[in-house]
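# Residue-level structure breakdown
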Amino acid sequence: MQQNGFTDDHLDMLRELMNIAMGNATASIADLLEAFGKMHIPQIMISDMEGLDSYIQQTIPNDQRNYVTKQLFGGLFSGEFLFVISEESALHLGHHLYDVDKPSDGDILDAVIELTNILSATIISRLTEELNTKVQFFVPSTERVDGNSLISQEDIINYHRIIIISTEMEFQHQNINGQIFILTKDGMIGSLKELIDRKLEELYA
Amino acid sequence: MVTIPYPNVLLDALEIGVMVIDESFEIRYWNQWLEINTAHPASEMIGKNLHDFYPQIDYKVFARKIRTTLRLASPTFYDASLQNRFIEIPRTKITTSLLINMQLQVTISPYIVEEGLVMVSIYDISDLHELKLTLQSQMEKISELNCELHRDKMIIDANLLITKIDEECRIVEATQAFLEFFGYKKESVIGEYLSQVFGDVSVDFDTIQICDAIARQQKWSGEVKAVLANGEEVWFDTVVTPLNDDENGTLSYTVIFHDISDKKRIELLSITDPLTKLFNRHKFNEVFENMIRRRHWDENHTFGLIIADVDHFKRVNDTYGHQSGDKVLIEVAHVFSQTIRTGDILARWGGEEFVCLLPDVDMEKALYVAEKLRLAVEELHFADAGTITSSFGVSIFTPGDTQESMIHRADSSLYRAKENGRNRVECI
C-alpha cells in the first residue's frame, strides 16, 4: 500500500524511528523532570489539513481548555511540533515542576514550555539523528485554546498534504496527559522519504 | 571550517544580549549589549555569580533548563509571552510605551557541553510584544463591541418592525417583531414583494410610493396602510433608507415601520360624522378652504358645490321617532356615497343637510350630479317612512368667490328648491 509515495516499508521505518525517539523522550523526562511515564505507540498518516482538523477533533476533547504549544523546527526534515495539554494536566505539571501548591499562570506556561522543549528536542533530535540530518529549533509559543480548534481556517486553505505523527503521553503518578502532533507539509514529504530511503539502504545494503 | 579570529567582535556587534554561564551560574562571558543595557560592565560581571546581581530569578528552574540544555544538547527557552521570568532590563524608550522593562525572549543553547557551559541569548522583543498587547486590547474592544452589537440587534429584532428589501421591492430580511406583528412565518415573507405582504389595500397606492422611491434610489417617508394575516387593517409611519452593501456592491433598502393605527383611528374620529361615517363639517370646511386656495381655477376649470336637504325630515322624526330618522340619514348618506364620482368630497353639514364638492365640473355637470343624487334618494324605500325626497341647491366657483359666498349661493338655491315645491335641483 502506498500513501503519497510512502510505501509500507517507509511507514514501518518511520514508526520504528519514532518508537526509538519516544523511548528517548520518556527517559529524558524521567531524568530531567523526575516524572515517570509512558508514550503510546505513535499513529502515522498522510493527510490534508481538513483530515488533520478532523483527526484533532477526534483526539482532543472539545469540552476542555488546552494549552497548545507550537514549535517550528527547520532542516531537511522540517515542520511544526504541536503539544496539547489540558488545563488540568498543565496545572499538575506546574505544581510538579515548581513545587508550589498554587502555581501562577506564568509558572504553568513556563512548565508547559519546558516539557515541550524536552519532548521536541528528544523526539525530533533523535529522529533527525537517526536520519543523519541536522535540525534547528525555533522559539516555541504557547496559547490557551478553548476546545479543539487548533487549526485556523487560513491553514486549512494554505496547506495541502501533511504527515501527522501523533502520540499520547501519560504520567499517571503526576496525573499529566498530553497529545503530541508532528506536522510536516508538502515538500517535506518527499524530503523525508529520501532520508528514510537512505536509512533503509544503510541498514540493508 | 573557517575559524573566526575575533568572535568577541561578532558577539558585541549583535543586537542581542549574550552571556556564557556554567551550571553554578558563574558568568564566563558578558557581551557589549548586556553591558550597555544592564549598566553592568563585563569587568564587573565575569567570574561573578549571576545570583549576586539578579537574586529574583527562579534559580531552581534556571538550573533545570541549563541541565536540560546540556543533557539534550539542544536549546531550551523561557516563555516569551511572560514578563520578569529572567533578568529585568529597564526599557529606555522615551515615547509612549506600555512596558517599563524589556520584554525578553531567552534561549539557552549548549556552548561547551563537556565543561557544563551554556550560552544565554537575550532578544529584546518589546516592540513586538507591545504590538501584540495593543492588538489583544483592540480585539477585546472589538469583541465587546460585537457583544453590544449583538445585544442591540436582538433588541431591534424583537421590538422593531424592520425589513430589508431589494431593488425590486422584494423582502430580503425581516425582524422577528415584523413577522410576529404581521402574523407570518419567515419563509412565507422572504423573497415576496412588499405589496403582496401588505395585502390588497396597499397595492394601488402606498407600496407604489415606496417602490417609486426605490426606483429613484431615494430616501422616502410617509404613511402606508397594510392588512395583517388576520385581516386587520393597520397604518404605519414608514421610513425607507437606501443602504449600500459594500460586500457585493448592491443597493438595498431598510424599511422601518412604526404602527400608527391608534393615531389614525383618533384622527379619523375627529374628521368623521359618527352617524353617517361621512366627513364632518369641520373636515369639509378644511377641504373646501384648500380647494379654493390651492388650485388655480378659471372660467374653463372650475368646481361646484351641492347642498342637499332631506324634505320634511322633521315629520319623519316626529312621526316615526329618532331611530327611524337616523336610519333615513344613514341610508341617504350611503346612497350619496355610491352615486358621487371618485374624487368628489361628501360630508354631513348638520341635521338633515349634506354637502358635496365636485372638482372640475361646470354648472351643467354639477346639475347633472345633483339630479342623479335626487333620483337616488327618491328610489329609496323605508319600512316606516316609506319613500322620501330631497332638495338640492347648486353653486359654481367663479373668480373672487370665497367659501362663504359659494355656500351662500348654494344655500339660496336650496331655499328656492324648497319654495318651488321640494324634490328639486335649483341654481342661482
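Residues numbered from 1 in each chain as written. Chains lettered and ligands numbered in written order. Predicted model: local features only at pLDDT ≥ 70, side-chain atom pairs only at ≥ 80, totals over all residues. Heavy atoms only, no water.

## Here we look at the overall build of chain A
In terms of regular secondary structure, chain A is built from 6 helices and 8 strands. Scanning chain A from its N terminus toward the C terminus, one meets helices and strands in the order α-β-β-α-β-β-α-α-β-β-α-β-β-α. Against the compact-globule benchmark of 17 Å for 205 residues, chain A has a radius of gyration of 17 Å, which places it among compact chains. Counting only residues that meet the buried cut, chain A has 54% of its 205 residues in that class. Nonlocal contacts in chain A, meaning residues at least 24 apart in sequence, comprise 73% of its contacts between residues at least 6 apart. (Helix = DSSP H or I, 4+ residues; strand = E, 2+ residues; numbered from the N terminus. Rg over C-alpha atoms; globule rule 2.2 N^0.38 Å. Buried < 20%, exposed > 50% of the residue type's maximum accessible area, 1.4 Å probe, protein only. Contact = heavy atoms within 4.5 Å.)

## Considerations on the interface of chain A and chain B
The interface is formed by 25 residues belonging to chain A together with 20 residues belonging to chain B. Taken together, the two surfaces of chain A and chain B that pack against each other cover about 1800 Å², and 52% of this comes from carbon and sulfur. The three residues of chain A that bury the most area against chain B are L32(A), D110(A) and V139(A), which together make up 30% of that side's buried surface. Viewed at the interface, chain B and chain A are joined by 3 salt bridges. In this structure, the salt-bridge partner of K65(B) is D110(A), at a minimum N-O distance of 3.8 Å. For the interface between chain A and chain B, the tally reads 5 residue pairs in polar contact (both at pLDDT 80 or more). The set of elements that each furnish at least two residues to the side of chain A that touches chain B consists of α1 (8-33), α3 (87-98) and α4 (105-130) of chain A. (Buried area = accessible area lost by both parts, 1.4 Å probe. Salt bridge = Lys/Arg side-chain N within 4 Å of Asp/Glu carboxyl O. Polar contact = N/O pair within 3.5 Å; in protein donor to acceptor, adjacent residues only side chain to side chain.)

## Re the pattern of salt bridges
Inspection of every chain in the model, using the stated rule, returns 35 salt bridges over all chains. The closest approach of N and O atoms between R15(A) and D12(A), which form a salt bridge, is 3.2 Å. Here the residue R15(A) and the residue D12(A) both occupy positions in helix α1, the gap between them amounting to 3 residues, near one helical turn. Assessed through its relative accessible area of 28%, R15(A) is described here as partly exposed. E173(B) is the partner of K164(B) in a salt bridge, and the nearest nitrogen-oxygen pair spans 3.9 Å.

## As for the sheet that holds strand β12 (residues 345-350) of chain B
All names here are of chain B. Across the sheet, 5 strands lie side by side as β12-β13-β11-β14-β15; this open sheet has mixed pairing. With one partner strand each, in any of the chains shown, β12 and β15 (425-427) form the two edges of the open sheet. The mean inter-strand angle of the sheet, taken between neighbouring strand axes irrespective of direction, is 20°. (Pairing = 2+ DSSP bridges. Axes fitted to C-alpha atoms, helices over the stretch in contact; angles between N-to-C directions.)

## Examining the pairing of strand β7 (residues 162-171) of chain A
All names here are of chain A. Extensive coverage of β7 is indicated by the burial of 9 of its 10 residues. The sheet contact formed by strand β1 (residues 38-39) and β7 spans 2 bridges and is antiparallel. Along β7, the bridge assignment pairs M39 with M169. When β7 meets strand β8 (residues 176-185), the two strands line up antiparallel, connected through 10 bridges. If you follow I162 over to β8, its bridge partner there is K185. Adjacent in sequence and paired antiparallel, β7 and β8 are bridged by 4 residues, among which N175 carries a positive phi angle near 60°.

## A look at the environment of G343(B)
All names here are of chain B. Locating G343 in the fold gives a position in the loop between α15 (322-339) and β12. Relative accessible area serves as the criterion here: at 47%, G343 is assigned to the partly exposed category. For the pair G343 and F181, spaced 162 residues apart in sequence, the C-alpha separation works out to 33 Å.

## Description of the domain arrangement of chain B
What the domain assignment lists for chain B is domain 1 (7-124), domain 2 (160-266) and domain 3 (272-427). Centre-to-centre, using C-alpha coordinates, domain 2 of chain B lies 39 Å away from domain 3 of chain B. (Domains from an automatic or database assignment.)

## With respect to the packing of α4(A) against helix α5 (residues 59-72) of chain B
Axis separation between α4(A) and α5(B) bottoms out at 11 Å; the angle between their running directions is 10°. It follows from the interaxial angle that α4(A) and α5(B) lie roughly parallel. Along the contact surface, α4(A) presents D110(A), E114(A), I118(A), A121(A) and T122(A), while α5(B) presents V61(B), R64(B), K65(B), T68(B) and L72(B). Per-class residue counts for the contact of α4(A) with α5(B) are 4 nonpolar, 2 polar and 4 charged. (Parallel < 35°, antiparallel > 145°, perpendicular 65-115°, else oblique. Nonpolar A, V, L, I, M, F, W, Y, C, P; charged D, E, K, R; others polar.)

## As for the sheet that holds strand β5 (residues 117-124) of chain B
With respect to topology, 5 strands assemble into an open sheet ordered β2-β1-β5-β4-β3 (chain B), the strand pairing being antiparallel. The strands lining the two open edges of the sheet, one partner per strand, are β2 (27-30) and β3 (76-77) of chain B.

## Brief notes about helix α2 (residues 49-59) of chain A
All names here are of chain A. Within α2, burial applies to M49, L52, D53, Y55 and I56. Take α2 and look down its axis: the buried residues cluster within an arc of 165°, on one side only. α2 presents E50 and Q58 as exposed residues on the side facing more than 90 degrees away from its buried surface. (Arc of directions from axis to C-beta.)

## Comments concerning the nonpolar core
Nonpolar side chains in soluble globular proteins generally cluster together in the buried interior. In terms of nonpolar packing, the biggest core is built from 54 residues, with L119(A), I123(A) and I182(A) touching the most fellow members. Not counting residues within four places of it along the chain, the set of residues in contact with I182(A) comprises M18(A), F73(A), F77(A), E80(A), F81(A), I123(A), I124(A), I163(A), I164(A) and I165(A). L278(B), F313(B), A385(B) and V394(B) belong to the second largest nonpolar core, which has 32 residues in total. (Core = buried A, V, L, I, M, F, W, Y, C linked by side-chain atoms within 4.5 Å.)

## A look at a nonpolar patch on the surface
A surface patch of nonpolar side chains, amounting to about 310 Å² of accessible area, comprises L135(B), M139(B) and I142(B). Relative to the elements of secondary structure, I142(B) occurs in helix α6 (residues 126-159). (Patch = residues over 30% accessible without salt bridge, like charges linked within 9 Å, V, L, I, M, F, W, Y side chains within 5 Å. Areas by Shrake-Rupley, 256 points an atom, 1.4 Å probe, with all protein chains shown as cover.)

## Focus on unusual backbone geometry
All names here are of chain B. Of note, A73 is a non-glycine position whose phi angle comes to about 50°, a positive value. Its place among the elements puts A73 in the loop between α5 and β3. The phi dihedral of H312 falls on the positive side, at around 50°, and the residue is not glycine. The exposure class assigned to H312 is partly exposed, which follows from its relative accessible area of 36%.

## Details of the side chain of N280(B)
Residues and elements named next belong to chain B. Its location among the elements puts N280 in the loop between α12 (261-271) and α13 (281-294). Judged by its relative accessible area of 15%, N280 falls in the buried class. There is a polar contact of 3.0 Å between the side chain of N280 and the backbone oxygen of S270. Residue contacts for N280: discarding those within four places in its chain leaves S270, I271, T272, D273, A347 and R348.

## Observations concerning the packing of aromatic side chains
Applying the stated criterion to the full structure yields 21 aromatic pairs over all chains. A cation over a ring is seen here: K283(B) above F279(B), with NZ or CZ 5.8 Å from the ring centre. (Phe/Tyr/Trp six-rings, centres within 6.5 Å; stacked < 30°, edge-to-face > 60°. Lys NZ or Arg CZ within 6 Å of the ring centre and 35° of its normal.)

## Points about the state of the cysteines
Here, disulfide denotes a covalent bond that connects the sulfur atoms of two cysteines. For the structure on display, the rule yields 0 disulfides over all chains. Left unpaired, C356(B) is separated from the closest cysteine sulfur, that of C427(B), by 16 Å. (Disulfide = S-S within 2.5 Å.)

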